[in-house]
Amino acid sequence: MKFMTTKNELDDLQKQLSMTLGQVRSEYMLDSEVFSMFSRPTYWSKIIGPRPCLLVGGRGTGKTTALKGLSYKGQLTLNGPDIESWAAIASYWRIESNVVSAFKGRKLDNDNWINIFSHYVNLRLTQGILEFAIWKFQLDIDKQKPVTIDLKLVCASLNIDDVTDLTALKDLLALEIAKLEARLNGNTRTLLQMSLSALGKPIEYLLIALQADTDLNDKVFAFCLDEYENLEPYQQTVINTLLKHSGDSPYTFKIGMRDSTNRERSTLAAGQPLNDPADYSTVNIVEDLKGRGFAEFAREVCNKRLKSVSGLHNDIIDVLDLLPALSEESEALLLGAEQVRAKLRTRLTEERITQIEMDAFDRLPILEACLVSYWSETKQNAPIEVLRQAIREPKTWRTRTGNYSYSLLFTLRGSVRGPRKYYCGWQTYAQIADGNIRYVLRLLYEALLKHTDDGNTLHAPISAKHQTAAAEQIGENSLRELQGASLIGGQITRLTLGLGRIYGVMAAQPYGHTPEVNQFKVDTIPGGDSTAAAELLNEATSHGSLVAFASDKHAGGSGQTKEYDYQLHPIFSAYFAYSHRRKRRMILREDDIVGLASADSRRSIERILKRSNRTPAATELPEQLSIYSEFFNNDK
Amino acid sequence: MTNEKTTTLHTLEIQSRDFEIPDGASFLFGQTDSEERGRVSSGWLKARDPALFIAIEISEQNEDSFLIKLPASRDLEVSLHDVAEIRTVLNGLSSPLYLDITSLSHHTWAPLVSAAIEESIELFVVYIEPEEYRKSNETEDMFIDLSERTGGIRPLPGFANLAPKVRDAGFFVPILGFEGARFANIFQSIEADFERTYPIIGVPGFRPEYSFYSFDGNKSTLGRNHLYRQVQFAKANCPFSVFHVLDMVHEWSDYTHLRVAPIGTKPHALGSVLFAISRGVRVELIYDHPVRAKRSTIGEGRLCIYDVTTFTRTRAFVPPYECNAGYHES
């Protein structure tokens, strides 16, 4: 009976954890669930207001939550029905590939599609306004303040029958969309014969008509568009045109996109592209969160979710307490530093060390002692000589330990079973997530699952072992997700596997090399396959395998070409066992990138490592990578 | 191979050497050199009496059209978006029509099936199973290399769905094949809800072990949020079996908007298309248009003939939320 009770309690707890932490995608959560857990992001003040804004961030960075939070439903839930207290009056539209891709092909030229798609955009955005307006006008009626609205111009601009109330207009819009759908599914001739509307006019007329309600005077309506990258280039041009002219209009745009590097900047007016910052502002979510305290924001989000787990309402569970860090000394001991010291002691004895020197060695803190072995390998000096230097220059030795202690940790385990490195502590988790709130929640959830599976409660801190196992698991899950993330998902997966293996080997074989290399820059060479490499890098960055950052911080603005350095996303660091910190870069060639993404990735890995006199064979695959042993070792 | 002939309600399973078409029928087919089952035997075609048998080859398949070789006529390019044109071509063929979809892409045969049903043309759909699939040496989820890459999610011709209905309340049914990456891609792209997702796996498969390949190939996504607990099953080579499962899931959703991704077997894709035709705007097909890898399959397996017309006259084909006038009991 007691066992069953315990088992049920565990099931209940894990189910609650799943509901609060496991369901991390706001895209399909009920709006009420999204808003109940809403935490205002640090960049909130940058996205509200009349200025158009691009909100840039990969999956899981909080774009959708922020845009939904801005929408009228979000503001209604968060702030109540008084629109004066709202951050914005907005509608939300998630752009779906399966819908917008219907507007292409059939050997129609772009001009035809621009006109047809513009009409669809008019219908869609007008529907968004109507949803809010119907609610607002009903509220006015309830308050005995009915407003009469003139919809003649709206109807004329849409080529539909004149109506006098918003609900009738909503019905007619649904009918127009159904007609458009029927024509898209019919023959091209009838599609081209359809009556279309001029881009932006119905929206403008409706917003002006709504100002008959004095509460809406001087209010700017915001269109929150999510997943802008799903639009075809010409479709982005259509939206850009509306954005460009929004300064003269009673509306603005808040546009969510995965990355800002591969997008259309032109508008329908030749020679008038979108300009940053003249036409819009850009908020890069990850950079903003990291610059202004992502760890704090993430902590707030996590603590809020943890609080809602039943039974904790009167307790305060803080992720800082749940996820304690390890000092480098403690971690070194867990990784087998004492065995390293013992082995080194034996070696020093064989080298006829004096008793005084041995006593000095025994007094060294564990990391300084292990560094003797590390430095001996690096400089190809006998350990006894290195120790004598450490004894002679203790201050220098301590500084050197500080510089190399972190990379030293990756070498301690050797070929003994167990984690090659520990990844624990709230700050480490926040760094691994690198500005992606979804990753933080997944890491925490996975760690708690492992923690509670072992019979622990939420009042006990999660062990380093479980935190590390969780980080490895999330890294693996993120790798698997890459396959489905892109049209070339298979290639991106191979590229990630290849880079991860390279960095893992470099971390395990650091002697004589720059420590903590986990970034790269791509050199262009004559005759190289720059198009293929560029496509891979763009897709990998867009889908979160790589993090791109400008090599030259001062390059920017529209029309200027930026060069980028790339880092394998830190979420993979635990899985491949390399440093998650942004440190040093290596140079790769375009054919390296293409080779790593190909079916012959193994040879590219060997070739790249050989340049720094390393070989993958000298470093066993970490246990967690054993399922890919065929991929890394297969001879074709 | 055995000399087996199996007949279920609307399906005939035979060996391809036993395939015969009745006198006076039309046979519409495509051809490809990238698979062994992709070429209709020229000997078989020549052996038929041209006075009694009309064979029409779809010689080219493009994104928006196909090229058809009409008898005693020049080649004709037919737009996949021109329903009237497709109907004219089909009405010009003798009845019944046998449409071999083995070598036809979904975006080519789906509008043909739709037009034939709308025109009440007596339609039999033919499909040849492969003998086996080529295996991959790569990572787990790329177990079977059927596709080089996908062409991107876009509607099949004639199946665009625009209206922003209550999508968020609707269910998602991915009909799974071996390629986990395709499932993962679509699942992420449409931001499906785990709790309202009901994958379908072909059981029994073309071969008994193939069902396990499907589980294995898709285990990354199925393993998340315990999605494997919601898997439903339908016979891999039966479109009508999957039609009934779709109907069952649609009922669970109270007949709200249903998104179906036919990324498994071609018979299952046929069942999905029939379901979408039957249920109209409440069903949305999500398809990623893969670029097929060459030599992805080996040999020929069973040949299946599906009596689509008889099936469309059964009660099952009429949505339960509409008046049931003019149906036949199945």
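Predicted model, so just to flag it, every value in this text is computed and none were measured. (Residues numbered from 1 in each chain as written. Chains lettered and ligands numbered in written order. Predicted model: local features only at pLDDT ≥ 70, side-chain atom pairs only at ≥ 80, totals over all residues. Heavy atoms only, no water.)

### Topic: the side chain of Asp140 of chain A
All names here are of chain A.
Then comes step 1: As for its position among the elements, Asp140 is in helix H7 (residues 110-142).
Then comes step 2: You can call Asp140 buried: its relative accessible area is 1%.
Then comes step 3: Ignoring anything within four residues of it in the chain, the contact list for Asp140 reads Lys145, Pro146, Val147, Asp213 and Asp215. (Helix = DSSP H or I, 4+ residues; strand = E, 2+ residues; numbered from the N terminus. Buried < 20%, exposed > 50% of the residue type's maximum accessible area, 1.4 Å probe, protein only. Contact = heavy atoms within 4.5 Å.)

### Considerations on the sheet that holds strand S4 (residues 251-257) of chain A
Residue and element names in this part refer to chain A.
Then comes step 1: Read across the sheet, five strands follow the order S2-S3-S4-S1-S5 without closing on themselves; strand pairing throughout is parallel. The open sheet has two edge strands, strand S2 (89-94) and strand S5 (281-284), and neither has a second partner. Each neighbouring strand pair of the sheet contributes to a mean axis angle of 15 degrees, computed without reference to strand direction.
Then comes step 2: Both strand S1 (residues 53-56) and S5 contribute to a ladder of four bridges, which runs parallel. The residue of S5 that forms the bridge with Val56 is Asn284. (Pairing = 2+ DSSP bridges. Axes fitted to C-alpha atoms, helices over the stretch in contact; angles between N-to-C directions.)

### A few points about the pairing of strand S8 (residues 123-128) of chain B
Residues and elements named next belong to chain B.
Then comes step 1: Buried residues dominate S8, accounting for six of its six residues.
Then comes step 2: By the alternation rule, side chains of S8 split into Leu123, Val125 and Tyr127 and Phe124, Val126 and Ile128, which are all buried.
Then comes step 3: Bridge count between strand S7 (residues 97-100) and S8: four bridges; the pairing is parallel. When the sheet's bridge partners are listed, Leu99 is paired in S8 with Val125.
Then comes step 4: Bridge count between S8 and strand S18 (residues 302-307): five bridges; the pairing is antiparallel. Across the sheet, residue Phe124 finds its bridge partner in S18, namely Asp307.

### Section: the sheet that holds strand S7 (residues 546-550) of chain A
Residues and elements named next belong to chain A.
Then comes step 1: Here four strands make up an open sheet; going across it, the order is S7-S8-S6-S9 and the pairing mixed. Across the chains shown, the open sheet's two edge strands, defined by having one partner strand only, are S7 and strand S9 (584-589). Recorded for the sheet is a direction-independent mean angle of 35 degrees between the axes of neighbouring strands.
Then comes step 2: As defined by bridge partners, S7 adjoins strand S8 (residues 564-568) across five bridges and the pair is classed as antiparallel. Within the sheet, the bridge partner assigned to Leu546 lies in S8 and is Leu568.
Then comes step 3: The strands that helix H26 (residues 530-542) touches are strand S6 (517-523), S7 and S8; relative to S7, the one it contacts most, it runs at about 105 degrees.

### Some thoughts on the interface of chain A and chain B
Then comes step 1: The interface of chain A with chain B comprises 50 residues on the first partner and 49 residues on the second.
Then comes step 2: In total, about 4,300 Å² of surface goes out of reach between chain A and chain B, with carbon and sulfur atoms giving 45% of it.
Then comes step 3: Seen at the junction of chain A and chain B, the total is two salt bridges.
Then comes step 4: With its nearest N and O atoms 3.5 Å apart, the salt bridge here joins Arg59 of chain A to Glu191 of chain B.
Then comes step 5: Seen at the junction of chain A and chain B, the total is 15 residue pairs in polar contact (both at pLDDT 80 or more).
Then comes step 6: Going through the elements one at a time, helix H6 (97-100), H7, helix H9 (166-184), helix H24 (464-485), helix H25 (489-508) and helix H30 (629-633) of chain A are the ones with two or more residues in the side of chain A that touches chain B.
Then comes step 7: Among the elements that take part in the side of chain A that touches chain B, H24 of chain A stands out by supplying five residues, more than any other. (Buried area = accessible area lost by both parts, 1.4 Å probe. Salt bridge = Lys/Arg side-chain N within 4 Å of Asp/Glu carboxyl O. Polar contact = N/O pair within 3.5 Å; in protein donor to acceptor, adjacent residues only side chain to side chain.)

### Side note on helix H14 (residues 294-307) of chain A
Then comes step 1: The end-to-end C-alpha separation of H14 of chain A is 20 Å, in line with the 20 Å expected for 14 residues at 1.5 Å each.
Then comes step 2: Here H14 of chain A has its buried residues at Phe294, Ala295, Phe297, Ala298, Val301, Cys302, Asn303, Arg305 and Leu306 of chain A. (Expected span 1.5 Å × (residues − 1).)

### Describing the nonpolar core
Burial of nonpolar side chains together is a common tendency in soluble globular proteins.
Residues and elements named next belong to chain A.
Then comes step 1: Counting residues in each nonpolar core, the largest one holds 125 residues, and the members touching the most others are Tyr503 and Phe520.
Then comes step 2: Ranked by residue count, the leading element in this core is helix H23 (residues 437-453), at 10 residues.
Then comes step 3: Leu54, Leu151, Leu225 and Val238 belong to the second largest nonpolar core, which has 69 residues in total. (Core = buried A, V, L, I, M, F, W, Y, C linked by side-chain atoms within 4.5 Å.)

### Looking at the pattern of salt bridges
Then comes step 1: With the rule as written, the count across this model stands at 46 salt bridges over all chains.
Then comes step 2: A salt bridge links Arg341 of chain A to Glu338 of chain A, with the nearest nitrogen and oxygen atoms 3.5 Å apart. Taken together, the residues Arg341 of chain A and Glu338 of chain A, both in helix H17 (residues 337-350) and three residues apart, mark about one turn of the helix.
Then comes step 3: With a shortest N-O distance of 2.8 Å, Asp288 of chain B and Arg182 of chain B are connected by a salt bridge. Of this pair, Asp288 of chain B sits in the loop between strand S15 (283-285) and strand S16 (290-292) while Arg182 of chain B sits in helix H4 (residues 180-189), and the two are 106 residues apart along the sequence.

### Comments concerning the environment of Tyr205 of chain A
All names here are of chain A.
Then comes step 1: With respect to the helices and strands, the residue Tyr205 is situated in helix H11 (residues 201-210).
Then comes step 2: Considering only alpha carbons, one finds Tyr205 and Lys152, 53 residues apart in sequence, at a separation of 9.0 Å.
Then comes step 3: Sequence-distant contacts of Tyr205, defined by excluding residues within four places in its chain, comprise Leu153, Val154 and Ser157.

### Some points on helix H21 (residues 394-412) of chain A
All names here are of chain A.
Then comes step 1: With 19 residues, H21 should reach 27 Å at 1.5 Å per residue; the first-to-last C-alpha distance of 22 Å falls well below that figure.
Then comes step 2: A maximum bend of about 55 degrees is found in H21 at Ser405.
Then comes step 3: Listing the buried residues of H21 in full gives Trp397, Arg400, Thr401, Ser405, Tyr406, Ser407, Leu408, Leu409, Phe410, Thr411 and Leu412. (Bend = angle between axes of the 7 residues up to and from the residue.)

### Concerning the confidence of the model for chain B
All names here are of chain B.
Then comes step 1: For chain B, the average pLDDT comes to 85, and 86% of its residues sit at 70 or higher.
Then comes step 2: Below pLDDT 50 for its whole length, residues 139-144 participates in 29 contacts with residues either more than four positions away or in separate chains.
Then comes step 3: Segment residues 323-330 is flagged for pLDDT under 50; beyond a separation of four residues in sequence, or across chains, it makes 12 contacts in the model.
Then comes step 4: This prediction of the complex comes with two scores: 0.84 for pTM and 0.88 for ipTM. (pLDDT = per-residue confidence, 0-100.)

### A closer look at the pairing of strand S5 (residues 65-69) of chain B
Residue and element names in this part refer to chain B.
Then comes step 1: Here strand S4 (residues 54-61) pairs with S5 via four bridges, running antiparallel. Across the sheet, residue Ile58 finds its bridge partner in S5, namely Ile68.
Then comes step 2: Where S4 folds back onto S5 in an antiparallel hairpin, the turn is made up of three residues.
Then comes step 3: Joining the antiparallel neighbours S5 and strand S6 (residues 75-79) is a turn of five residues, in which Ala72 adopts a positive phi near 50 degrees.

### Some remarks on the confidence of the model for chain A
Low-pLDDT portions of the prediction should not be read for the details of their coordinates.
Residues and elements named next belong to chain A.
Then comes step 1: Here chain A averages 87 in pLDDT, while 93% of its residues score no lower than 70.
Then comes step 2: In the predicted structure, residues 1-5 sits below a pLDDT of 50 and forms zero contacts with residues beyond four places in sequence or in another chain.
Then comes step 3: Contacts of residues 555-561 to residues separated by more than four positions or lying in other chains number eight contacts, the stretch itself having pLDDT below 50.

### Details of the environment of Arg154 of chain B
Then comes step 1: Mapped onto the elements of the fold, Arg154 of chain B is located in the loop between strand S10 (147-150) and strand S11 (171-175).
Then comes step 2: Placed 135 residues apart in sequence, Arg154 of chain B and His289 of chain B show a C-alpha to C-alpha distance of 7.7 Å.
Then comes step 3: Residues contacting Arg154 of chain B, with those up to four places away along its chain left out, are Asn98, Ser101 and Lys104 of chain A together with Glu63, Tyr287 and His289 of chain B.

### Points about the environment of Ser16 of chain B
Residue and element names in this part refer to chain B.
Then comes step 1: Mapped onto the secondary structure, Ser16 falls in the loop between strand S2 (11-15) and strand S3 (26-30).
Then comes step 2: Sequence-wise, Ser16 and Glu300 are 284 residues apart; in three dimensions their C-alpha atoms are separated by 7.9 Å.
Then comes step 3: If near-sequence neighbours (up to four positions away) are discounted, Ser16 is found in contact with Glu300 and Leu303.

### Points about the packing of helix H22 (residues 426-433) of chain A against H23 of chain A
Residues and elements named next belong to chain A.
Then comes step 1: At a closest axis distance of 8 Å, the pairing of H22 and H23 adopts a crossing angle of 135 degrees. By the criterion of interaxial angle, the relationship of H22 to H23 is oblique. The two elements H22 and H23 meet at a crossing, and its hand is right-handed. When H22 is examined against H23, the residues Trp426, Tyr429, Ile432 and Ala433 are found in contact with a partner set consisting of Tyr439, Val440, Leu443, Leu444 and Ala447.
Then comes step 2: A class-by-class count of the residues in the contact of H22 with H23 yields nine nonpolar, no polar and no charged. (Parallel < 35°, antiparallel > 145°, perpendicular 65-115°, else oblique. Left-handed = near helix turned anticlockwise from the far one by under 90°. Nonpolar A, V, L, I, M, F, W, Y, C, P; charged D, E, K, R; others polar.)

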